[in-house]
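Structural features, examined
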Amino acid sequence: MKAIVLAGGFGTRIQPLTNSVPKPMLPILNRPMMEHTIIKLRDELGITEIAVLLFFKPDVIKNHFGDGRALGVNITYVLPDDDYGTAGAVAFAREFLDETFIIVSGDLVTNFNFADVKKFHEAKESKLTITLTSVENPLAFGVVIADENSEIKKFLEKPSWGEVFSDTINTGIYMIEPEILEYIPYGTNFDFAKDLFPLLMKKGISLWGCSMKGYWRDVGNPESYRDVYHDIFSGEVEMLCKGEKKEIDKGVVYCEEGVELDDKIRVKGTVILGKNVKIAKGVTLSNCCIGDNTKIKEHAEIIDTVIWQDVQIGTKVKLKNSIICNDNVLKSDVKAPFGVIIAEKCKINKKVAFERDIIVWPDKVIEESSVVSTNIIWGDKYKSSIFENGMVTGRTNIELSAQMSTKLAEAFGSIFPVGSKIYVSRDYHKSSRMLKRAFLSGILSTGVNAVDVFDVPSNVMRHSLSKNEDIVAGVHFRQSVLDSQDTEIIFYTSEGLEIDTKVAQSIERIFFRENFRRVSFNEIGELYESPRMKEEYIRDIEEKAESQFFRNNDVKIAVDIMNGSVSDVYPEIVSTLGINNIILNGHKFDSGNKLGNFSSSKIIKSQHDVESIVKSLKLDYGFLIYPNGHKLQMVDNRGRLVYDYILLLVVLELLDKTAEREMKVLLPAWAPDFTSYKNLKISKDKWSNFKASQLREYDLIADTDGFFTFTEFNLNRDAVFAHIKILELIQKSGLSVSKIIDGLPEHCYRGGNIHCPSQKKGKMMRKFLEDGNDKEVSSIDGVQIRLNENEWILMVPDQYKEYLNIYVQAEDEKSAGKIFYQYQDKIEKWISE
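Not measured: the values here are computed from a predicted model. (Residues numbered from 1 in each chain as written. Predicted model: local features only at pLDDT ≥ 70, side-chain atom pairs only at ≥ 80, totals over all residues. Heavy atoms only, no water.)

1. Focus: the overall build of the protein
Put simply, the rule is: Strands here mean DSSP runs of E at least two residues long; helices mean DSSP runs of H or I at least four residues long; both are numbered from the N terminus. Type-normalised accessible area, obtained with a 1.4 Å probe on protein chains alone, sets the label of each residue: buried when under 20%, exposed when over 50%, and partly exposed for intermediate values. We call two residues in contact when some of their heavy atoms are within 4.5 Å. Using a 1.4 Å probe, accessible areas were evaluated by the Shrake-Rupley method; residue-level cover was limited to the displayed protein chains. Residues counted as positive are Lys and Arg, residues counted as negative are Asp and Glu, and His and the chain ends are not counted. Each charge is placed at NZ for Lys, CZ for Arg, CG for Asp and CD for Glu.
The number of helices and strands found in the protein is 21 helices and 53 strands. Seen through its principal axes, the protein has C-alpha atoms that stretch 95 × 65 × 55 Å. When burial is assessed residue by residue, the protein has 58% of its 833 residues classed as buried. The contacts of the protein with a sequence gap of at least 6 include a subset with a gap of at least 24, amounting to 59%. Here the protein has roughly 34,500 Å² of accessible surface; of this, 44% comes from carbon and sulfur atoms. Measuring between centres, the 105 positive side-chain charges of the protein sit 3 Å from its 121 negative side-chain charges.

2. Some words on helix 11 (residues 533-544)
The line we're drawing: In this analysis, the expected span of each helix is defined as 1.5 Å times one less than the number of residues it contains. Note that the arc is defined by the directions from the helix axis to the C-beta atoms.
In this model, helix 11 (12 residues) spans 17 Å end to end at C-alpha, consistent with the 16 Å of a helix rising 1.5 Å per residue. Buried residues of helix 11: Met-533, Tyr-537, Ile-538, Asp-540 and Ile-541, and no others. Relative to the axis of helix 11, the buried residues are bounded by an arc of 165 degrees and lie together on one face. Taken together, the buried residues of helix 11 touch strand 35 (421-426), strand 36 (449-455), helix 9 (458-467), helix 13 (570-577) and helix 18 (719-733).

3. Comments concerning the state of the cysteines
Joining two cysteines, a disulfide is a covalent bond between their sulfur atoms. Put simply, the rule is: When the sulfur atoms of two cysteines come within 2.5 Å, that pair is taken as a disulfide.
Evaluation of the coordinates by the stated rule reveals 0 disulfides. The thiol of Cys-289 is not disulfide-bonded; the next cysteine sulfur, from Cys-288, is found 7.8 Å away. On the basis of relative accessible area, Cys-289 is assigned to the buried category, the value being 1%.

4. Examining a positive patch on the surface
Here is the rule we go by: For patches, a residue must show more than 30% relative accessible area and have no salt bridge; joins then use 9 Å for like charges and 5 Å for nonpolar side chains, namely Val, Leu, Ile, Met, Phe, Trp and Tyr. By definition, a salt bridge exists where a carboxyl oxygen of Asp or Glu is found within 4 Å of a side-chain nitrogen of Lys or Arg.
Together, Lys-297, Lys-331, Lys-347, Lys-350 and Lys-351 make up a positively charged patch on the protein surface. Classification of Lys-350 by relative accessible area gives partly exposed; the value is 42%.

5. Side note on the packing of helix 7 (residues 402-413) against helix 10 (residues 501-513)
In plain terms, the rule: Comment: axis = line fitted to C-alpha atoms, over the contacting stretch for helices; angle = value between 0 and 180 degrees taken between N-to-C directions. An angle below 35 degrees is read as roughly parallel, one above 145 as roughly antiparallel, one from 65 to 115 as roughly perpendicular, and any other as oblique. In this scheme the handedness of a crossing depends on how the near helix is turned from the far one: anticlockwise by less than a right angle means left-handed, clockwise means right-handed. Note on residue classes: Ala, Val, Leu, Ile, Met, Phe, Trp, Tyr, Cys and Pro are nonpolar, Asp, Glu, Lys and Arg are charged, and everything else, Gly too, is polar.
Contact pair helix 7 / helix 10: the axes reach a minimum separation of 8 Å and the direction vectors enclose 120 degrees. One finds that helix 7 runs oblique with respect to helix 10. Helix 10 is crossed by helix 7, and the crossing has right-handed handedness. From helix 7, Met-404, Lys-407, Leu-408, Ala-411 and Phe-412 reach across to helix 10, where they touch Ile-507, Ile-510 and Phe-511. A breakdown of the residues in the contact of helix 7 with helix 10 according to their chemical character gives 7 nonpolar, no polar and 1 charged.

6. Looking at the packing of aromatic side chains
In plain terms, the rule: Pairing of aromatic rings covers Phe, Tyr and Trp, the last counted by its six-membered ring, and requires centre-to-centre distances within 6.5 Å; plane angles under 30 degrees mean stacked, over 60 mean edge-to-face, and any other angle means tilted.
The full count for this structure, using the stated rule, is 23 aromatic pairs. When the ring of Phe-412 is compared with that of Phe-416, the centres are 5.1 Å apart and the planes differ by 90 degrees; the resulting orientation is edge-to-face. Per residue, the accessibility class of Phe-412 equals that of Phe-416, and both read buried. Aromatic pair Phe-768 and Trp-830: ring centres 5.9 Å apart, planes at 75 degrees, arrangement edge-to-face. One end of the pair, Phe-768, is in helix 20 (residues 761-771); the other, Trp-830, is in helix 21 (residues 813-832), and 62 residues separate them in sequence.

7. Re a negative patch on the surface
Together, Glu-746, Glu-811, Asp-812 and Glu-813 make up a region of like negative charge exposed at the surface. Within the secondary structure, Glu-746 is located in the loop between helix 19 (737-742) and strand 49 (748-755). Residue classification places Glu-746 among the exposed positions, given a relative accessible area of 69%.

8. Comments concerning the environment of Asp-333
Considering the arrangement of structural elements, one finds Asp-333 in the loop between strand 26 (329-330) and strand 27 (335-336). Taking relative accessible area as the criterion, Asp-333 reaches 22% and is therefore assigned partly exposed. Separated by 143 residues in sequence, Asp-333 and His-476 have C-alpha atoms that sit 45 Å apart. Residues in contact with Asp-333, not counting those within four places in the same chain, are Thr-315, Lys-316, Val-317, Lys-351 and Val-352.

9. Some points on the side chain of Thr-658
One can find Thr-658 in helix 16 (residues 644-658). Judged by relative accessible area, which is 17%, Thr-658 ranks as buried. Dropping the residues within four chain positions of it, Thr-658 is found in contact with Leu-729, Lys-732 and Ser-733.

10. Things to note about the nonpolar core
Note the cut-off: Only buried residues count toward a nonpolar core, which is a set of Ala, Val, Leu, Ile, Met, Phe, Trp, Tyr and Cys residues joined through side-chain atoms within 4.5 Å.
With 92 residues, the main nonpolar core has Ile-28, Leu-41, Ile-102, Tyr-225, Phe-412, Ile-422 and Phe-439 as its most contacted residues. Looking at this core element by element, the count peaks at 6 residues for helix 1 (residues 33-45). Among all residues touching Ile-102, those that are not within four sequence positions of it are Met-1, Lys-2, Ala-3, Ile-4, Leu-41, Leu-45, Ile-47, Phe-114, Ile-173, Tyr-174 and Met-175. Grouped together as the second largest cluster of nonpolar side chains are 77 residues, Met-461, Ala-659, Ala-702 and Ile-724 included.

11. As for helix 21
Quick note on the threshold: Polar contact is the term for a pair of N or O atoms within 3.5 Å; when the atoms are in protein, one must be able to donate a hydrogen and the other to accept it, and sequence-neighboring residues count only if both atoms are side-chain atoms.
The terminal C-alpha atoms of helix 21, which comprises 20 residues, lie 28 Å apart, in line with the 28 Å expected from a rise of 1.5 Å per residue. Restricting attention to buried positions, one finds in helix 21 the residues Ser-815, Ala-816, Gly-817, Ile-819, Phe-820, Tyr-823, Gln-824, Ile-827, Trp-830 and Ile-831. Buried positions along helix 21 lie against strand 49, helix 20, strand 51 (783-786), strand 52 (792-797) and strand 53 (803-810). For helix 21, the N-terminal capping position is held by Asp-812, with its side-chain oxygen 3.3 Å away from the main-chain nitrogen of Lys-814.

12. So, the pattern of salt bridges
Under the counting rule described, the total for this entry stands at 42 salt bridges. A salt bridge links Lys-732 to Glu-728, with the nearest nitrogen and oxygen atoms 3.8 Å apart. Of this pair, Lys-732 and Glu-728 both sit in helix 18, 4 residues apart, which is roughly one turn of the helix. On the basis of relative accessible area, Lys-732 is assigned to the partly exposed category, the value being 35%. Taken together, the salt bridges that share partners define one network made up of Lys-467, Arg-539, Asp-540 and Glu-543.

13. What to know about the sheet that holds strand 35
Strands in a sheet are paired, the pairing made by backbone hydrogen bonds, and the direction either parallel or antiparallel. Heads up, the rule is: For two strands to pair, DSSP has to find at least two bridges joining them.
Across the sheet, 6 strands lie side by side as 34-38-37-35-36-39; this open sheet has mixed pairing. Of all the strands in the sheet, just strand 34 (391-395) and strand 39 (527-529) have a single pairing partner and so form its edges. The mean angle between the axes of side-by-side strands here comes to 20 degrees, regardless of whether they run parallel or antiparallel. Note: strand 35 against strand 37 (residues 473-479), 5 bridges, orientation parallel. Paired with Ile-422 across the bridge in strand 37 is Ala-473. The strands touched by helix 8 (residues 430-445) within the sheet are strand 35, strand 36, strand 37, strand 38 (486-492) and strand 39, with strand 35 carrying the most contacts at an inclination of about 165 degrees. Packing against the sheet, helix 9 makes contact with strand 35, strand 37 and strand 38, and its axis sits at approximately 180 degrees to strand 37.

14. Details of the sheet that holds strand 43 (residues 632-635)
Taken together, the 5 strands give an open sheet; going across it, the order is 41-40-42-43-44, and neighbouring strands pair in mixed fashion. With one partner strand each, in any of the chains shown, strand 41 (580-584) and strand 44 (641-642) form the two edges of the open sheet. Bridge count between strand 42 (residues 621-625) and strand 43: 4 bridges; the pairing is antiparallel. Across the sheet, Gly-622 pairs through a bridge with Val-635, a residue of strand 43. Strand contacts of helix 13: strand 40 (556-560), strand 41 and strand 42, with the helix running at about 165 degrees to strand 41, the strand carrying the most contacts. Of the strands in this sheet, strand 40, strand 42 and strand 43 are in contact with helix 18, which crosses strand 42 at around 165 degrees.

15. What about the pairing of strand 17 (residues 266-273)?
For a regular strand, side chains alternate in direction, first toward one face of the sheet and then toward the other. As paired strands, strand 15 (residues 250-255) and strand 17 are joined by 6 bridges and run parallel to one another. Residue Cys-255 lies in a different strand from strand 17, and its bridge partner there is Leu-273. Relative to strand 19 (residues 284-290), strand 17 runs parallel, the two being bridged by 6 bridges. The residue of strand 19 that forms the bridge with Lys-268 is Ser-286.

16. Focus: the pairing of strand 6 (residues 101-105)
Burial analysis of strand 6 places 5 of its 5 residues in the buried class, which makes it a mostly covered element. Covered by surrounding structure in strand 6 are Phe-101, Ile-103 and Ser-105 together with Ile-102 and Val-104, the residues of both alternating faces. Pairing between strand 6 and strand 11 (residues 168-176): 3 bridges, direction antiparallel. Opposite Phe-101, over in strand 11, you have Ile-176 as the bridge partner.

What follows is the structure in structure tokens.
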């Protein structure tokens, strides 16, 4: 048998630990992770012929392992000329693989016995065996379901929480017969899970899943690297330790050659010391690993900490739960009681205090007596990823600083060809202006041209973006309506849609590696202005709206535009269309003070104000258009606020009554469905990563939170056009909103959330599926269990926060409460098991 070790990954999520070394070379007990794997292959399977697939920083790996002779194996290196994916890279080792072979990632830690996998593979006469295990958080892995005979029936690579159907995952350890290589194209990007496995199943070739129990951890981020050491020192997993074992004080110390220990040191737990380590008098060591050539001076305390090579630790330094990378200097009295990760070649001067768990990126100098409370470069939200749903959010001028904005721009610009052109817009808040200006500098430095749109609502910019073929992307800066201290930066495709996960990951990879494109002086981008974007938006709405329905009817409305940027376009639109209107909060303030005070209490006040005005002045309807022009709320003709999900049902009813053909509607999985329609074809789908070609198939895209997209205008959520379209549908139908609401079937629809640790979410998905075994179950997004014809419960784990989103549809309040609390009890029990 032969072996393939995959060692070409970029290690983006575990930055800054991989700033100068590839992830397989991160040290575990002063030995690279990949070395532990090679030793296991040698000892458990008797393998001596190993091919290592390289890509990122290949020389670091080659220089350490050489030809493999020192480990009793023969290593062949394979270096593809590009990133061809996991399976595509293996195709480059085709000539080497002339017998059964095992594939193992070089960046995992496990105590699985590979010999057991071999026995399973041979017993099943398998052509391809996937090693499986159960984990608490399956998001970063491929989720798998196998039948009672261990044949794999279903899998999904790196799902969202709403797609997780099991906590059994693909470990990335494969045993394969060489004829399978015939199905892997040479020189093509090809992935095992996304491409090869579906192809083999389609061809009728059985894939077998060998379920293993034991320790398995993909070291994907700095926290998981820490966790490996915690698991080693707590005895959860045993790993090979180098050096002579000694019992000192209350612990065990492994010493390699050249170690110098003072007699007066304190030891607790397990301590690993590399070559030429020097420990001075009065030092306390507890559950720590210290790399070669490190010197620790008097009375320092090193607890639950990993120190790499060539580090100098001064007197009375106190480190706990820390990772100190190569070539760092920590002067005396440095304190990190809550943890710190210090990347290579930093200098931490005397009496520096880290107030919380901090990340310090490479080559930084921290001045004497500094108190560090934020990560040095960016905030803790960006430890492993930057984007959430196509957006970067952070505390203004702390996490999202001008420097951060510039680097984001450099990463974003680097994915486009030189000479491309993008839109950059903002709301009127001064923090948005500051960060946008920094962003423009970064974009121009990559050779990408920018059109500075200044202060416009994002729905206006997105509308123009979707119509202008010369513009490849758009970026909008706005103050968060949820927290006025935060700024949001939203990134859009050329079609005006939020960028998908794949594009976001490409930007992050460049960002973390700082692999920015810096063009020559004569290729620097140009800055343009777009003075007529608002006028074009107003004209397009006027052209799409059927104004005769307003001019011939005395429609009177009140609209609160909440001091948002739509104040620049809204008054002219309603005036031109002939809609009698009263506008509330129609002025924006350049100081940002009005928007700066935006809060839940302001929303409630606006709702009450519009209700009161509609009632007292006997207006037809009222609307609330949120500051960025996306979210819409409505007050009916009786002066009552219409709940967001009821507004969705009202719009569907209006669309159904006025349709002259079959209308296609796209809704999220959690939308209520207790009503039926003659002229609407309703589809439900996962609510993310949409493609424009997919959205164009529908007439309406809407959700239960007040967001509406009428595709006759554009593919973006637009509250301005939506409320005009709703008024138009009301006039066409001859129905009042209150009459539609009164005519809805008796029902109860409610949502809530239940706290759930992230590591339990996969288990909850599995438990929900098991609980619905005897019922109709849907897993479009999350797991929906239909209890009878009109009653169901849907559970969707939140993608970013530690809770489960629960939606219940029932015949009445009593039944809905019973269902919700019944499943709440089940969930709490499942979590505690």
